[in-house]
Protein chains: 2
Amino acid sequence: MVAELISVGTELLMGQILDTNAQYLSRQLSDMGIRVLYKSTIGDNPQRMKEAFSQALSRSDLVITTGGLGPTPDDITKEMWAEMMGLPLYEDAACMERLEARFQTFHPGKPMASINRKQAFMPQGAIVMPNPNGTAPGCIIDKDGKIVVIMPGPPFEMKPMFENHAKPFLYSKCDDMLVSHFVRILGMGESDVAATLQDLIDGQANPTIATYISTTDVQVRITAKCKRGEDAQAILEPMEKEVLRRLGDYVYEVGEEALEDVVARMLIERGATLSIAESCTGGWLTSALVAYSGASRFLQEGLVTYSNAAKSRHLQIDASLIETHGAVSYEVAQAMAVHSRTISGADYGLSVTGIAGPTGGTDEKPVGTVYIGVADEHGVQVEHFKFSSDRSRNRQRAVTNALNLLRLRILANDKLQGIPQK
Amino acid sequence: MVAELISVGTELLMGQILDTNAQYLSRQLSDMGIRVLYKSTIGDNPQRMKEAFSQALSRSDLVITTGGLGPTPDDITKEMWAEMMGLPLYEDAACMERLEARFQTFHPGKPMASINRKQAFMPQGAIVMPNPNGTAPGCIIDKDGKIVVIMPGPPFEMKPMFENHAKPFLYSKCDDMLVSHFVRILGMGESDVAATLQDLIDGQANPTIATYISTTDVQVRITAKCKRGEDAQAILEPMEKEVLRRLGDYVYEVGEEALEDVVARMLIERGATLSIAESCTGGWLTSALVAYSGASRFLQEGLVTYSNAAKSRHLQIDASLIETHGAVSYEVAQAMAVHSRTISGADYGLSVTGIAGPTGGTDEKPVGTVYIGVADEHGVQVEHFKFSSDRSRNRQRAVTNALNLLRLRILANDKLQGIPQK
């Protein structure tokens, strides 16, 4: 199946909005084994829209458009498709009901302007995709051997609609499909991951297996090829289990959850509390965890002790310790983690001190030198890292590695307490 | 002049990379008055590339491609364009010299692999655009009434190349061009900005003037239309001066510098120091300022006093104050700013306390309630905000407003000290 993506909207052509939908859909379709050969963007112009739709139908089996489903007269994506596919628009009663209910929720007691009713009109015979996150429903047209998927432009409306409606439909239409799981790894390089899985990679058939590297982690993609109706999970499971068994605690996630959310959830599930003392990351580490709704359940405090005086003042770190070893040192990272924990009474103390760059490096401690410490009731562990990137990426890598060190420490404590591992 | 953008790269079609080049170029061209009517993405496939290039030439005056200039055999953008435009490739001596010099810098003493030499070949008659940030030079083909601009894919290579070479070339080719300046405003809503400038907007001719709203600020675009060789600055200046005069301190920037960098620079220029106490922003505020290289010159400390105990421990805030008024209150924001300043001995103390959501709101203090305080030697000022968005955007708006409150306080102190305003 050859697919084509068309993003509709003059604001995209003007560069006012960054199009992230096309990347999301490209990735989703690629992971499903559907080849995306063309992506394009067009404005809200009837003539150019028709040309683009017609060209897409002539060369692709599946065309997905996002955008142009709003209530205003320049939103004409659905109307253009209906005309092109020879399907008259009808007023869909269920859509109208949802539209009016949604309007009443946000504007109680007010009458809905008639302009809005247009969003409840659908091409005859299309499969309607409801939109719980906005006013514009989407639809799927399946006609004359071509599939057209029409979805709204806002990503938080489009993504759930694709996931819940378009994706299952596409799976049902394809004889052969791919289903992929991503195993996400931290603390082990790509080549070590590949070496650990070498015989699985060499002997792969179905599922296939491959390693990838991203800016923050290493990923193993496990992909099952299956016929319609076949159970992908059953094909994936034995390989996934073996990969997880071999990589052990280096795996922080199977799926899409971000590391900071994984760690936040682990703390909450265990009823554990945390205090943070950071220097070069400057609040980024704490802020990443605070992004998790419910952070107050575990976070006591985050101290950005940027100056040496602040380290002494809030963390009771001896000026002489800093003088002897330097603010960026094993000893200071250790003291920051331990004191952060004891001063606040938290279960865990996490510390970062380093040289983010571009200035401040020395021969002995070049830019990218970072010490990360984690303290708990059993003691303190400090790791030394040497990153070699720009200020922003050095800080990001320090945040990632600090979160991962804490994650590993929590897992180690689970083992000590005899909590069974997943 | 009608323009078309083509991003080349199979990794873009697969969704492995988010295409930010197309947005950047769309915006640049729109600001220059060049209409972008088509954007598309194609893989590294000769047949589909030829089709796309040929279609683009048939309907557009200017075609800009990014990507596909690497050293490997699947990088064929330049080769395809040369063939399509009937221009043989030649080995460009200056390009080869730069390529070899660059290789020697990164791999001293090693011979350059012959595969790399391909990057120094250029279409006959093309204008070469050197690439100080990478190995692949770009070029401009100006032939038969069509302009083709060929640039590498990595944004940090493409953007300076466009800015320094392609943009001036395009200006030189157009009889009428637009040159825009953006005046960026905080603390005043779009409608108030428009009202303040109403007579200028009503009476606009050349330059034109319009207001925009972004996620974080309000912008006034001033655009001069000028003939080739005309001085755009001379057309823009009187209007820009008048806009700046009317909006005064609400303007934080004319151009592209981020608010946190503006504030960091202001502090450094004045030799002033800062301490921060934040709650709902959770380190984001401090982290934004630490992103500025040289933050150690002004930042004393940032305290993420998330729990009430932390507020008492590090900021010496009376438990009774929190009990009486609540952690999210005018009084606590005030105390956080004042104590943050006095405890650290900084010139400024900046505080944020609020309810980011989605939970934790009450009828009296709903989600989005935020108090921001700034203290200096003259006293303390607290502002009350009511945002109404999701957790992430409420936190972002709190960060933006805190930075802006500090900026305005610094400007007020400049005036007190008789420092002339810009």
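Student: Just checking my understanding: could you explain the pattern of salt bridges for this structure?
Tutor: A pair can form between side chains of opposite charge whenever their charged atoms are brought close. All names here are of chain A. Counted by the stated rule, this structure contains 40 salt bridges over all chains. Across the pair Arg 245 and Glu 242 runs a salt bridge, and its minimum N-O distance is 2.9 Å. Of this pair, Arg 245 and Glu 242 both sit in helix α9 (residues 232-247), separated by 3 residues, roughly a single helical turn. Across the pair Glu 257 and Arg 265 runs a salt bridge whose closest N-O atoms are separated by 2.7 Å. Of the residues examined, Glu 257 reaches a relative accessible area of 23% and is grouped as partly exposed. Counted as one network, the salt bridges with shared partners bring together Glu 257, Arg 265, Glu 269, Arg 270 and Asp 414.

Student: What's the story with the relation of the copies chain A and chain B in this structure? I'm lost.
Tutor: For these two chain copies, the linking operation is a rotation about an axis paired with a shift along it. Rotating chain A by 180 degrees and translating it 0.3 Å along the rotation axis places it on chain B, where the RMSD comes to 0.4 Å. Seen this way, the second copy is the image of the first under a two-fold rotation axis. Same-surface contact between copies: 100% of interface residues of chain A are shared with the interface of chain B.

Student: Is there a simple way to think about the sheet that holds strand β11 (residues 218-227) of chain A in this case?
Tutor: Backbone-to-backbone hydrogen bonds join strands into a sheet, with any given pair of strands oriented parallel or antiparallel. All names here are of chain A. Spatial strand order, β10-β11-β9-β12: 4 strands in an open sheet with antiparallel pairing. In this open sheet, the two edge strands, each paired with only one partner strand, are β10 (208-213) and β12 (251-254). Pairs of neighbouring strands in the sheet enclose a mean axial angle of 25 degrees, with direction left out of account. The pairing of strand β9 (residues 176-185) with β12 spans 3 bridges and is classified as antiparallel. Paired with Ile 185 across the bridge in β12 is Val 251. Across the sheet, helix α2 (residues 21-32) lies against β9 and β11, angled at about 115 degrees from β9, the strand it touches most.

Student: Hey, could you run me through the sheet that holds strand β2 (residues 35-42) of chain A in this one?
Tutor: As summarised here, the arrangement of the 12 strands in space is β6(A)-β7(A)-β8(A)-β3(A)-β1(A)-β2(A)-β2(B)-β1(B)-β3(B)-β8(B)-β7(B)-β6(B), forming an open sheet in which the pairing is mixed. Each edge of the open sheet is held by one strand with a lone partner, namely β6 (127-129) of chain A together with β6 (127-129) of chain B. Across the sheet, the mean angle separating the axes of adjacent strands is 15 degrees when strand polarity is ignored. As paired elements, strand β3 (residues 62-66) of chain B and strand β8 (residues 146-151) of chain B share 5 bridges and run parallel to each other. For Leu 62 of chain B, the partnering residue across the bridge sits in β8 of chain B and is Ile 147 of chain B. Against the sheet, helix α3 (residues 46-59) of chain A engages β1 (2-8), β2, β3 (62-66) and β8 (146-151) of chain A together with β2 (35-42) of chain B, with an angle of about 170 degrees to β1 of chain A. Sitting on the sheet, helix α4 (residues 77-85) of chain B is in contact with β1 (2-8), β3, β7 (138-143) and β8 of chain B, with an inclination near 165 degrees to β8 of chain B.

Student: Which parts of the structure should I look at to understand unusual backbone geometry?
Tutor: Apart from glycine, the bulk of residues carry a negative phi angle, and the bulk of peptide bonds sit in the trans form. Residues and elements named next belong to chain A. Residue Pro 207 follows Asn 206 across a cis peptide bond; omega there is 10 degrees. Residue placement: Pro 207 occurs in the loop between α8 (198-202) and β10. Positioned with a positive phi, Asp 144 is a non-glycine residue whose angle comes to about 55 degrees.

Student: Looking at this structure, how should I read the interface of chain A and chain B?
Tutor: Much of the literature gives interface size as the accessible area that the parts lose upon coming together. Contacts between the two partners involve 54 residues from chain A, matched on the other side by 54 residues from chain B. In terms of surface lost to chain B, no three residues of chain A exceed Leu 13, Lys 39 and Tyr 306 of chain A, which account for 13% of the buried area on that side. At the surface where chain A touches chain B, the tally comes to 2 salt bridges. Arg 313 of chain A serves as the salt-bridge partner of Glu 301 of chain B, at 2.5 Å between the closest nitrogen and oxygen. Counting residues per element, the side of chain A that touches chain B draws most heavily on β2 of chain A, at 8 residues. Partitioning the side of chain A that touches chain B into residue classes produces 22 nonpolar, 22 polar and 10 charged. Both β2 of chain A and β2 of chain B contribute to a ladder of 5 bridges, which runs antiparallel. Bridging from a neighbouring strand, Ser 40 of chain A pairs with Ser 40 of chain B of β2 of chain B.

Student: Is there a simple way to think about the packing of helix α3 (residues 46-59) of chain B against α4 of chain B in this case?
Tutor: Helix-helix packing is characterised by the crossing angle of the two axes and by the distance between the axes. Residue and element names in this part refer to chain B. For the pair α3 and α4, the least separation of the axes is 10 Å and the interaxial angle reads 55 degrees. Between α3 and α4, the angle is such that the two are oblique. As for the relative orientation of α3 and α4, their crossing is right-handed in sense. For the pair α3 and α4, the contacting residues are Pro 46, Met 49, Lys 50, Phe 53, Ser 54 and Leu 57 in the first and Thr 77, Met 80, Trp 81, Glu 83, Met 84 and Met 85 in the second. For the contact of α3 with α4, a count of residues per class yields 8 nonpolar, 2 polar and 2 charged.

Student: What am I meant to see in the confidence of the model for chain A here?
Tutor: It should be kept in mind that the predicted coordinates are not to be read in detail where pLDDT is low. For chain A, per-residue confidence averages 93 on the pLDDT scale, and residues scoring 70 or more make up 100% of the total. Scored by ipTM, the complex comes to 0.81, with pTM at 0.82.

Student: What exactly am I supposed to notice about the pairing of β7 of chain B here?
Tutor: Looking along a regular strand, one sees side chains alternate from face to face of the sheet. All names here are of chain B. In this structure, β6 lies alongside β7, joined through 3 bridges in antiparallel fashion. Bridging from a neighbouring strand, Met 129 pairs with Gly 138 of β7. In the sheet, β7 pairs with β8 via 5 bridges, with the strands oriented antiparallel. Across the sheet, Lys 143 pairs through a bridge with Lys 146, a residue of β8. Connecting the antiparallel pair β7 and β8 is a turn made up of 2 residues, with Asp 144 showing a positive phi of about 55 degrees.

Student: Could you clarify how one ought to interpret the environment of Phe 387 of chain A in this entry?
Tutor: Residue and element names in this part refer to chain A. Mapped onto the elements, Phe 387 comes out in the loop between β17 (379-386) and α15 (391-416). The spacing of Phe 387 and Lys 143 is 244 residues in sequence and 54 Å in space, taken between C-alpha atoms. With residues up to four places along the chain from it excluded, the contact list for Phe 387 reads Val 367, Gly 368, Val 370, Asn 394, Arg 397, Ala 398 and Asn 401.

Student: Sorry if this is basic, but what is going on with the packing of aromatic side chains here?
Tutor: The description of an aromatic ring pair uses the distance of the two centres, along with the angle that the planes make with each other. One pass over the structure, following the stated rule, counts 6 aromatic pairs over all chains. With centroids separated by 6.1 Å and ring planes inclined at 85 degrees, the aromatic side chains of Tyr 24 of chain B and Phe 162 of chain B adopt a geometry described as edge-to-face. On the criterion of sequence distance, the pair formed by Tyr 24 of chain B in helix α2 (residues 21-32) and Phe 162 of chain B in helix α6 (residues 155-173) is long-range, its members being 138 residues apart. In this arrangement the basic side chain of Arg 59 of chain A is found over the ring face of Tyr 38 of chain A, its NZ or CZ atom lying 3.6 Å from the centre.

Student: I would appreciate a short explanation of α2 of chain B in the present structure.
Tutor: The periodicity of an α-helix, 3.6 residues per turn, causes residues three or four places apart in sequence to face the same way. All names here are of chain B. Compared with the 16 Å implied by 1.5 Å per residue over 12 residues, the 17 Å span of α2 between its first and last C-alpha is a close match. Across the 12 residues of α2, 10 count as buried, placing the element largely inside the fold. Inspection of α2 places Asn 21, Ala 22, Gln 23, Tyr 24, Leu 25, Ser 26, Gln 28, Leu 29, Ser 30 and Met 32 among the buried residues, and these make up the whole buried set.

Thresholds applied
Residues numbered from 1 in each chain as written. Chains lettered and ligands numbered in written order. Predicted model: local features only at pLDDT ≥ 70, side-chain atom pairs only at ≥ 80, totals over all residues. Heavy atoms only, no water. Salt bridge = Lys/Arg side-chain N within 4 Å of Asp/Glu carboxyl O. Helix = DSSP H or I, 4+ residues; strand = E, 2+ residues; numbered from the N terminus. Buried < 20%, exposed > 50% of the residue type's maximum accessible area, 1.4 Å probe, protein only. Least-squares fit on C-alpha atoms with pLDDT ≥ 70 in both. Contact = heavy atoms within 4.5 Å. Pairing = 2+ DSSP bridges. Axes fitted to C-alpha atoms, helices over the stretch in contact; angles between N-to-C directions. Buried area = accessible area lost by both parts, 1.4 Å probe. Nonpolar A, V, L, I, M, F, W, Y, C, P; charged D, E, K, R; others polar. Parallel < 35°, antiparallel > 145°, perpendicular 65-115°, else oblique. Left-handed = near helix turned anticlockwise from the far one by under 90°. pLDDT = per-residue confidence, 0-100. Phe/Tyr/Trp six-rings, centres within 6.5 Å; stacked < 30°, edge-to-face > 60°. Lys NZ or Arg CZ within 6 Å of the ring centre and 35° of its normal. Expected span 1.5 Å × (residues − 1).

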